[in-house]
Amino acid sequence: MYCSHLFVPLPPIMSYAIIGTGAIGGYYGSKLARSGKEVHFLLHRDYEYVKEHGLQVDSCDGSFCLPQVNAYCSTKDMPKADVVLVGLKSVNQPLLKTLLPPLLKQDTVVVLIQNGIGLEPDVQEWFPNLQLVAGLAFICSAKTEPGRINHQCYGSINLGNYSCRNSQQFERILSDFIEAGIEAHSVEYNEARWKKAVWNMPFNGMTVALHTQTDLLLKHPATRQLIIDQMMEVVGAAGALGISGVDEAFVDKMVRMTEEMVPYSPSMRLDYDFHRPMEIDYLYTRPIAEARKAGFHMAKLEMLEQELRFLTSS
């Protein structure tokens, strides 16, 4: 879904609100703040710590500290924003019904930097006039202690326009990311979501089911082939849905990229290890259902989803 061209004067500097100051929202928000953008951070467990000590980003691209940040524990206390970056886990998606309204102006754009399929349609149903953009982050990052983000490698982001009516504002968001030292690209919405699923669906679930990390999955011949088979199932599903650009060449690229990573535990593995709910619905159930509607069965990923459901109940 692409926007119509609407030319509305933009402020000299757009203001950003971060919902979910974790490994992803905290990283991109900190990069934007460091570059001089106006950024306001919503925090939960580490609000008091960050309010006093700021945010520390330990990064492979150069570490930095923001000694003072605009920190809040409620969106009701935050100023309205031109752009809201949502870094919440998708299991918390219903919270957006109450978290978003205090931040919204008539022309606010909300960027969902989240994993999965079906996120934007659900939020659009709750907020019919909201301008939505998908943010697909290719990054290895974790936040395992208060106020400290560990950025291990990569860090680019793709932005897919879902329902933004203001093309100028969309381009400004893109340029703000680039000015902040973030590799950012504009991509077609459906292609972007399903390309991210090519990596997410195999690696998130497999690291949980086999209690391992990404590097070991590719080093063993049996699991390497299984990962590739699962990636090709996502390619097949995208093809059945009429989505172009998700192909075998992209699978090869994702395999090479993962081989170059540091040994990594994806977000679902960390959620499982720390006894937090896993993002099974949007990462597995929704894309599997969409593929099935189009007549394509993701057999190996369906089995992986069933294994994850078992683990959540044990």
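This text gives an overview of the structure that appears in the document. (Residues numbered from 1 in each chain as written. Predicted model: local features only at pLDDT ≥ 70, side-chain atom pairs only at ≥ 80, totals over all residues. Heavy atoms only, no water.)

Focus on the packing of helix 6 (residues 189-209) against helix 9 (residues 248-260)
Reasoning step 1: Packing of helix 6 against helix 9 leaves a shortest axis separation of 10 Å and a crossing angle of 55 degrees. In terms of orientation, helix 6 and helix 9 fall into the oblique class. When the axes of helix 6 and helix 9 are compared, the crossing they make is right-handed. Counting all contacts with helix 6, which are made through K195, V198, W199 and F203, the residues of helix 9 involved are F250, V251, M254, M257 and T258.
Reasoning step 2: Its residues placed into classes, the contact of helix 6 with helix 9 shows seven nonpolar, one polar and one charged. (Axes fitted to C-alpha atoms, helices over the stretch in contact; angles between N-to-C directions. Helix = DSSP H or I, 4+ residues; strand = E, 2+ residues; numbered from the N terminus. Parallel < 35°, antiparallel > 145°, perpendicular 65-115°, else oblique. Left-handed = near helix turned anticlockwise from the far one by under 90°. Contact = heavy atoms within 4.5 Å. Nonpolar A, V, L, I, M, F, W, Y, C, P; charged D, E, K, R; others polar.)

Overview of unusual backbone geometry
Reasoning step 1: Residues other than glycine seldom take positive phi values, yet Y154 does so here, at roughly 60 degrees.
Reasoning step 2: Tracing the chain through its elements places Y154 in strand 9 (residues 148-161).
Reasoning step 3: Take Y154: its relative accessible area is 30%, and that puts it in the partly exposed class.
Reasoning step 4: Notably, H211 is not glycine yet its phi reads approximately 50 degrees, a positive angle.
Reasoning step 5: Inspection of the secondary structure puts H211 in the loop between helix 6 and helix 7 (214-219). (Buried < 20%, exposed > 50% of the residue type's maximum accessible area, 1.4 Å probe, protein only.)

Topic: the pattern of salt bridges
Reasoning step 1: Applying the stated criterion across every chain, the model contains 19 salt bridges.
Reasoning step 2: For the salt bridge of R148 with E145, the shortest nitrogen-to-oxygen distance reads 3.7 Å.
Reasoning step 3: Residue class for R148 comes out partly exposed when judged on its relative accessible area of 33%.
Reasoning step 4: One continuous salt-bridge network, built from bridges that share partners, spans K37, D176 and E179. (Salt bridge = Lys/Arg side-chain N within 4 Å of Asp/Glu carboxyl O.)

What to know about helix 6
Reasoning step 1: Here helix 6 contains 21 residues, and its C-alpha end-to-end distance of 30 Å stays within 8% of the 30 Å for a straight helix at 1.5 Å per residue.
Reasoning step 2: For helix 6, the principal kink sits at A197 and spans about 30 degrees.
Reasoning step 3: Here helix 6 starts with a cap whose side-chain oxygen sits 3.1 Å from the backbone nitrogen of N190, and that cap is E188.
Reasoning step 4: Where helix 6 ends, the next residue or the one after it, H211, has phi of about 50 degrees, a positive value. (Expected span 1.5 Å × (residues − 1). Bend = angle between axes of the 7 residues up to and from the residue. Polar contact = N/O pair within 3.5 Å; in protein donor to acceptor, adjacent residues only side chain to side chain.)

Overview of the nonpolar core
Reasoning step 1: W194 and Y284 are the most contacted members of the largest nonpolar core, which has 68 residues in total.
Reasoning step 2: No other element matches helix 6, which puts ten residues into this core. (Core = buried A, V, L, I, M, F, W, Y, C linked by side-chain atoms within 4.5 Å.)

Observations regarding helix 8 (residues 221-240)
Reasoning step 1: Over its 20 residues, helix 8 runs 29 Å from end to end, which matches the ideal 28 Å to within 8%, given 1.5 Å per residue.
Reasoning step 2: Looking at helix 8, one finds that the buried residues are T223, I227, Q230, M231, E233, V234, V235, A237 and A238.
Reasoning step 3: Where helix 8 is buried, its residues contact helix 6, helix 7, helix 9, helix 11 (280-293) and helix 12 (299-313).
Reasoning step 4: Directly after helix 8, the chain includes G242, whose backbone phi takes a positive value near 80 degrees.

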